[in-house]
Amino acid sequence: MSARPLRPSDVEAWDAEADVVVVGHGIAGGAAAIEAAGAGAEVVVLERMTRGGGSTALSTGIIYFGGGTAVQRACGFPDSVEDMKAYVAMAAGAGADPERVELYCEGSLEHFEWFRGLGVEYEESFLDDKVTHPLTTHCLTFSGNEECWPFSEQVRPVPRGHKPQREGEAGGYLMEAVLAGTERAGASVVNECRVDRLVQAEDGRVVGVVGRRDRAPFAARARCGVVLTTGGFVMDREMLARHAPQLLACNYPVATDTDDGSGIRMGMAAGGEAVNMGEGLVLNAYYPPSSHLRGVFVDGRGQRFVNEDAYLGRTSAAILERADGRAFLVLEDAMHGRTQAFHKVAAVEESFEALGEALGMPPGALPVTMERYNRWAARGQDPLFQKHPKYLQPLVEPPFGALDCTTDGSIFGVFTLGGLSVTAHGEVLDPDGTPVPGLFAAGRCTAGLPREGRTYASGLSLGDASFFGRLAGRRAAAGPATG
Ligand SMILES: Cc1cc2nc3c(=O)[nH]c(=O)nc-3n(C[C@H](O)[C@H](O)[C@H](O)COP(=O)(O)OP(=O)(O)OC[C@H]3O[C@@H](n4cnc5c(N)ncnc54)[C@H](O)[C@@H]3O)c2cc1C
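Going along each chain's sequence as written, the residues are numbered from 1 onward. Where totals are concerned, whole chains, interfaces and linings use all residues; where local detail is concerned, this predicted model gives features only for residues with pLDDT of at least 70, and gives and counts side-chain atom pairs only at 80 or more. Excluding hydrogens and water, the side-chain figures rest on all heavy atoms present in the structure.

## Here we look at the state of the cysteines
A covalent bond bridging the sulfur atoms of two cysteines is what the word disulfide describes.
Phase 1: Cysteine sulfur pairs qualify as disulfides if the two atoms are within 2.5 Å. Taken as a whole and judged by the stated rule, the model has zero disulfides.
Phase 2: Cys-148 forms no disulfide, and the closest cysteine sulfur to it belongs to Cys-405, at a distance of 17 Å.
Phase 3: Partly exposed describes any residue whose relative accessible area lies between the buried limit of under 20% and the exposed limit of over 50%, with all areas from a 1.4 Å probe on protein chains only and scaled to the type maximum. Taking relative accessible area as the criterion, Cys-148 reaches 2% and is therefore assigned buried.
Phase 4: Considering cysteine sulfurs only, Cys-405 is the nearest to Cys-250, which forms no disulfide, with 13 Å between them.

As structure tokens, then:
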């Protein structure tokens, strides 16, 4: 279906009308609706599923908060806004927007309290293990590369991943609080209403949306602004092929089916620019167990290519980009445990020579790599990739095994990080950097705070979507009312 905007004269009747129309009821949409309503605007939220939730409801629920939250203080991790800024600037990646980094870090304590105000509970506890999806009620984790080289050399490591006090994945619990908050704020919600096109006046102002509800056409007029919060585009193979073909190698999209880029296409069709579209977060969960971090990653030629103790987004991007999608984690028997992603064992042999041969590596390559690794590990050093000494252990007890971490043989999760170009306050920008009047966006349908998978930390996506969703909602509510 075309995403090209309609003219107001093409709309026969408006089925709903409000100051602010929010499209999508995930965390970004909920945050935008709550803040817009709190600012006094009449708000309607249009959600295409039977109920809001989106990818947020599937998520682990970790949010990247810092600057000295109550949990950080209780767990003995002093933090400062300046340290957080320095780290988040690195974690956001090379294309980081300094204004966004600053606003996000300076507003982090207030944002944490905002979630507590919605009723979200956080335990005052720290999980001292390297995990990706903490399944206990523990709150605080090192959820990114804070303790890993080269990040640890530049900023004092502090844990900032905050998971709500729920066992298992906590995204559903977090989202329930946001849905209840939307209702309490007085926004009306229309479910099973899929928005397909924007309505744009002759002067370029976005004044509404059209779509379908109960198989019938549906139109909503926005007096101040429309906020798009429809999620990313990892489920649309054509969009991936066009914008991020390297991500097609990843076999496990980490999102709901609604991540089909509809909001991005609507925004582009109304004149918005889409940027950072080639970037995604790639995840091959070879740990936990954290004993796997004592293993050694090698590519198809038996060469190391990354520090194994880095965050999954970094190591997984390295598998794709540096190892051409062909990587094996070499382990001693005693280090081996079941991963969350159920990795297959590609080969088990009594020597590195035989293991390399079984994996089709050039003769002698793996023994040379392992001899050098073991020699330095025995001294507690890794001159090649600076792996943390706590994970350095020579591999000397046969048999030796290799976990299959190839793109063909293991689960490679992915979601997209590119989307509409927006200001920190959510105004959608055209290719000249001029706002498209009346159009706002937040969450994964925008190129927001996190720009790169290889530097990403868990919690930055929900953090970005909720924090900048709130700002977008407020700015939309303040927009000039039309008609
Ligand atoms: C298993 C898993 C674990 C994760 N863990 C974490 C984590 O711990 N921390 C973290 O930061 N990130 C995590 N993520 C990523 C994070 O969940 C998402 O990036 C984030 O939820 C995106 O929020 P959003 O509001 O932009 O989109 P969503 O939450 O997906 O909301 C978008 C909403 O828009 C609706 N919609 C879409 N198109 C339309 C349309 N045309 N008309 C009307 N409605 C529409 C959808 O139905 C949906 O309800 C995880 C993701 C998954 C899947």
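## Some remarks on the site of the ligand
Phase 1: Taken together, 38 residues are adjacent to the ligand, and Glu-47, Thr-56, Arg-444, Ser-461 and Leu-462 come closest.
Phase 2: In protein, a polar contact means a hydrogen-donor-capable atom and an acceptor-capable atom, both N or O and within 3.5 Å, with residues adjacent in sequence counting only if both atoms are side-chain atoms; elsewhere, any N or O pair within 3.5 Å suffices. Within the contact set of the ligand, an oxygen atom lies 3.4 Å away from a side-chain nitrogen or oxygen of Thr-258.
Phase 3: A distance of 3.3 Å is found between an oxygen atom of the ligand and a backbone nitrogen or oxygen belonging to Gly-459.
Phase 4: A helix here means a DSSP run of H or I that spans at least four residues, while a strand means a run of E at least two residues long, and both kinds are numbered starting from the N terminus. Secondary-structure elements contributing two or more residues to the shell around the ligand are helix H1 (27-38), helix H2 (54-58), strand E7 (193-200) and helix H14 (460-478).
Phase 5: By residue number, the principal contributor to the shell around the ligand is H2, which donates four residues.
Phase 6: Of the residues in the shell around the ligand, the class split is 15 nonpolar, 18 polar and five charged. For this description, a residue counts as near a given molecule or strand if any of its non-hydrogen atoms is within 4 Å of it. Put simply, Ala, Val, Leu, Ile, Met, Phe, Trp, Tyr, Cys and Pro go in the nonpolar bin, Asp, Glu, Lys and Arg in the charged bin, and everything else, Gly too, in the polar bin.

## Brief notes about the side chain of Arg-100
Phase 1: Mapped onto the fold, Arg-100 is located in helix H5 (residues 98-106).
Phase 2: At 3.5 Å, the side chain of Arg-100 forms a polar contact with the backbone oxygen of Thr-423.
Phase 3: Setting aside its immediate chain neighbours within four residues, Arg-100 contacts Val-422, Thr-423, Ala-424, Ala-447, Gly-448, Leu-449, Arg-451 and Phe-468. Throughout, a residue-residue contact means that at least one pair of heavy atoms, one from each residue, lies within 4.5 Å.

## Some remarks on a nonpolar patch on the surface
Phase 1: On the surface, a nonpolar cluster with roughly 250 Å² of combined accessible area is contributed by Tyr-252, Val-254 and Ile-411.
Phase 2: One can find Ile-411 in the loop between strand E16 (400-404) and strand E17 (413-416).
Phase 3: Look at Ile-411 and you get partly exposed, because its relative accessible area is 35%. The residues that make up patches have over 30% relative accessible area and no salt bridge, and they are joined within 9 Å when like-charged or within 5 Å when they are Val, Leu, Ile, Met, Phe, Trp or Tyr. Throughout, the Shrake-Rupley method with a 1.4 Å probe supplies accessible areas, and for residues the shown protein chains are the sole cover considered. In what follows, salt bridge is the name for a side-chain nitrogen of Lys or Arg lying within 4 Å of a carboxyl oxygen of Asp or Glu.

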